[in-house]
Number of protein chains: 2
Amino acid sequence: MSSPIVATYLLETAFSLEQAAEIIVSEQSTGTFMPIAGETESLKERHRARILSIQPLESSPFPSLPGAKIPSGSKGEYKRGIVQIAFPYENIGPSIPNVLATVAGNLFELEELSGIRLIDLELPEAFSERYEGPRYGIGGTREMTGVYGRPIIGTIIKPNVGLPTEQLRLIVRELASAGIDFIKDDEVHGNPPYAPLEERVKTAMEEIERAADRTGKKTMYAFNITDDIEPMLRHLETVQRHGGNCVMVSINSIGLAGVAHLRKHAQVCIHGHRNQWGMMSRYPYLGMSFAAYQKLCRLSGVDHLHVNGLNNKFYEDNASVIDGVRGCLTPIRDESDRVLPVLSSKQWAGSAPQTYRELQTVDVMNIAGGGIHGHPGGFGAGFRSFVQGWEAALAGVPLEEYAAGRPELRQALDLLG
Amino acid sequence: MSSPIVATYLLETAFSLEQAAEIIVSEQSTGTFMPIAGETESLKERHRARILSIQPLESSPFPSLPGAKIPSGSKGEYKRGIVQIAFPYENIGPSIPNVLATVAGNLFELEELSGIRLIDLELPEAFSERYEGPRYGIGGTREMTGVYGRPIIGTIIKPNVGLPTEQLRLIVRELASAGIDFIKDDEVHGNPPYAPLEERVKTAMEEIERAADRTGKKTMYAFNITDDIEPMLRHLETVQRHGGNCVMVSINSIGLAGVAHLRKHAQVCIHGHRNQWGMMSRYPYLGMSFAAYQKLCRLSGVDHLHVNGLNNKFYEDNASVIDGVRGCLTPIRDESDRVLPVLSSKQWAGSAPQTYRELQTVDVMNIAGGGIHGHPGGFGAGFRSFVQGWEAALAGVPLEEYAAGRPELRQALDLLG
């Protein structure tokens, strides 16, 4: 018999934590609002979910979510706690879409809860048989880019919308000629009428191949193929036909089912962008934690996964970003399912020392938009300054000192330092 | 030139509403955190999103979301308002996954916002060319079930997990013989190892066809085919091969891209279950409103869409349920894109009068789990009592009066009234 699917929740309720956990168990395995004929004891025994543990936390005087019911005689106190529930594997089978309907289904709407967040998820072995996980992961991405001993450093094409394809050509030419490791499309740039993806792929790959012939280094380009299922696979074909080695998708736009489908067809790296993630995670007493989400993304097959950068322009604080990076780098079954965390937003040469100090790893992708495009020496100098920032960080040499004789880093520090 | 994509947001910010709206415009069309070379004025003119309107609401002394930045000199007041933004169609093209990356992308994470919710969305004509909308909708579902002049009434197979297929046979036999309009699987029941979908489809359809031969009425059964893309299409084939005329999916498990993909392949009704919806909607200052969500679901191709029932077991109040029903019944382009709202949770014969009084329509699907399975006279009597409840509601006759000479309704009232 398979081990169960174990979901860990942060709960808040005006009932007891035990009652709240029982309601989840009943709602998401056997049970309706009144006793019914077919629900025998032996059926319940085999198929009912089980509460594994309940760990109380400090209560709150206020409900975190609206519409929560208060039991009669309640003192108006909202109990909080961490609750682990085991759902029999046999109820569901090895299907992430069906797991989600159980562990993250209607329960967010239950009136007995004033707060509920899925904070972790453990899936049994059978899932690893159906879902192949990252095809390339960290090792494969290093092999394809030829970058070892430091982060994979890249940029986002800017302006993120409106760029004519012939201007894209010039940008890619300059970046690829400078030997940049990685380029990606912006997530708001997919396949717009004014610059169709096929044209952009053809143009960018021409420049990348031409630069590779000269420099011996082939820049990885993550083309944003986010779209409906069939067009997405057509875009994938386009990228593969033109010699591209990476595609990007907005994970929450195509769904985890879309990612798993792409993984079955793609011979290239899958760069996973998590836009829309804030919608299901920013409020602390609702939604899902990154700890659960990243496991599902990895199992579904992404090779790279966005995590924000330190000191980013978003609401996420550094402790949470660091947790996210560590999550991506922690094996689920083994080393092969680790994925590259992608540090992005307000990144530049000057971010490297703190990033390295806090993370103590080079197994990240570090990408800069303005930090490379805004460099006074041009895109190539922007890339080199970012590499130099990381070299300084790894050598433990202060940036100001390392900038001596390195004009690209010097210029970056003068502009942004 | 196409009309733009118009997104309406509820915003909360410690900045001015104008500044907050400008930040969204910049983040989601042109712009990075510093000025860059390629971002010319003419490019901005063509591709920049535009603020259409800003309507202030009452401020809040507290931020609704964590991590929100406060401008220097702020009085600690969080301004709230409704902001409409137009995104040029040319930036995106007719792709829902790419629209989502723009109108609902990173912006939920912006530190300048302490609250953000997408409350409405208008898409230009080109989307209606790519996305076919409901194939059957309300009219087609009525034609297939032969039910006119009252809601389509149905039930959910219970117990929702653990039922052996041979017991399912007996339940379907009784329900279909009683001429029930509609049966659906529970959303937590997909394709589990102990009762594979193919077996269940075969068994249920045998009983439905056999009953139809006797009664002349073919019960519609929404088989839960939620799964990864390829298995989902296999399940669809199974249902169609065995003469089924409806499939159900957990919309948020397969993604809107999955729904649109299914719509392209399915010759049967698509019953859309919105489980996980609470995750992106329950907190009022984050996520998405049903007004926006239901439009996306309909465009993607569902024929039926869950909305909760009045006085349900969830947190949602009746005003919100009523709004949801009206949304589904309001044409986007024309009558053909209206879909059947599915009223579910704590429904039974006795709910009908209030439901009809509040909604003033019969164009709903009304389904009961316990309300039919728990009827002392059996499933058939449960169904008949529910129809009688609606007959009374439509005739404007009190239930107690209508129950005279109608033992099924009488028993239901005695048990639950």
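Thresholds applied
- Residues numbered from 1 in each chain as written.
- Chains lettered and ligands numbered in written order.
- Predicted model: local features only at pLDDT ≥ 70, side-chain atom pairs only at ≥ 80, totals over all residues.
- Heavy atoms only, no water.
- UniProt positions renumbered as here; feature names shortened; annotations may be inferred.
- Pairing = 2+ DSSP bridges.
- Helix = DSSP H or I, 4+ residues; strand = E, 2+ residues; numbered from the N terminus.
- Axes fitted to C-alpha atoms, helices over the stretch in contact; angles between N-to-C directions.
- Contact = heavy atoms within 4.5 Å.
- Salt bridge = Lys/Arg side-chain N within 4 Å of Asp/Glu carboxyl O.
- Buried < 20%, exposed > 50% of the residue type's maximum accessible area, 1.4 Å probe, protein only.
- Buried area = accessible area lost by both parts, 1.4 Å probe.
- Polar contact = N/O pair within 3.5 Å; in protein donor to acceptor, adjacent residues only side chain to side chain.
- Nonpolar A, V, L, I, M, F, W, Y, C, P; charged D, E, K, R; others polar.

Naming follows an unreviewed UniProt entry, where chain A appears as Ribulose bisphosphate carboxylase-like protein 2 of Paenibacillus konkukensis. Reading the Cofactor (unreviewed entry) entry of the UniProt record for chain A gives the comment "Mg(2+)".

(A) Representation of the sheet that holds strand β3 (residues 78-87) of chain A in the model. Residue and element names in this part refer to chain A. Read across the open sheet, the five strands follow the order β2-β3-β1-β4-β10; overall the sheet is mixed. Of all strands in the sheet, those bounded by a partner on one side alone are β2 (50-60) and β10 (286-288). Taken pair by pair, the neighbouring strands of this sheet meet at an average axis angle of 15°, ignoring direction. Bridge count between strand β4 (residues 115-122) and β10: three bridges; the pairing is parallel. Of the residues in β10, the one forming a bridge with Ile116 is Leu286. Relative to β4, helix α10 (residues 290-300) is tilted by about 45°, and along the sheet it contacts β4 and β10.

(B) Fine view of the pattern of salt bridges. Residues and elements named next belong to chain B. Under the counting rule described, the total for this entry stands at 63 salt bridges over all chains. For Glu12, the salt bridge goes to Arg80, with nearest N and O atoms at 2.7 Å. Taken as a pair, Glu12 in strand β1 (residues 5-13) and Arg80 in strand β3 (residues 78-87) lie far apart in primary sequence, 68 residues in all. One exposure class covers both Glu12 and Arg80, and it is buried. For Asp363, the salt bridge goes to Arg338, with nearest N and O atoms at 3.8 Å.

(C) Here's a closer look at the interface of chain B and chain A. Opposite the 96 residues of chain B that make contact, chain A presents 97 residues. Together chain B and chain A conceal approximately 8,100 Å² of surface at their shared face, both sides included; 58% is due to carbon and sulfur atoms. At the boundary of chain B with chain A, the tally comes to six salt bridges. Here Asp228(A) and Arg130(B) are joined by a salt bridge, their closest N and O atoms 3.2 Å apart. At the junction of chain B and chain A, the tally comes to 32 residue pairs in polar contact (both at pLDDT 80 or more). Elements represented by at least two residues in the side of chain B that touches chain A include exactly α1 (17-28), α2 (41-47), α3 (96-103), α8 (229-241), α9 (251-265), β10 (286-288), α13 (370-373) and α16 (407-416) of chain B. When residues of the side of chain B that touches chain A are assigned to their parent elements, the largest contribution, seven residues, is made by α9(B). By residue class, the composition of the side of chain B that touches chain A is 40 nonpolar, 38 polar and 18 charged.

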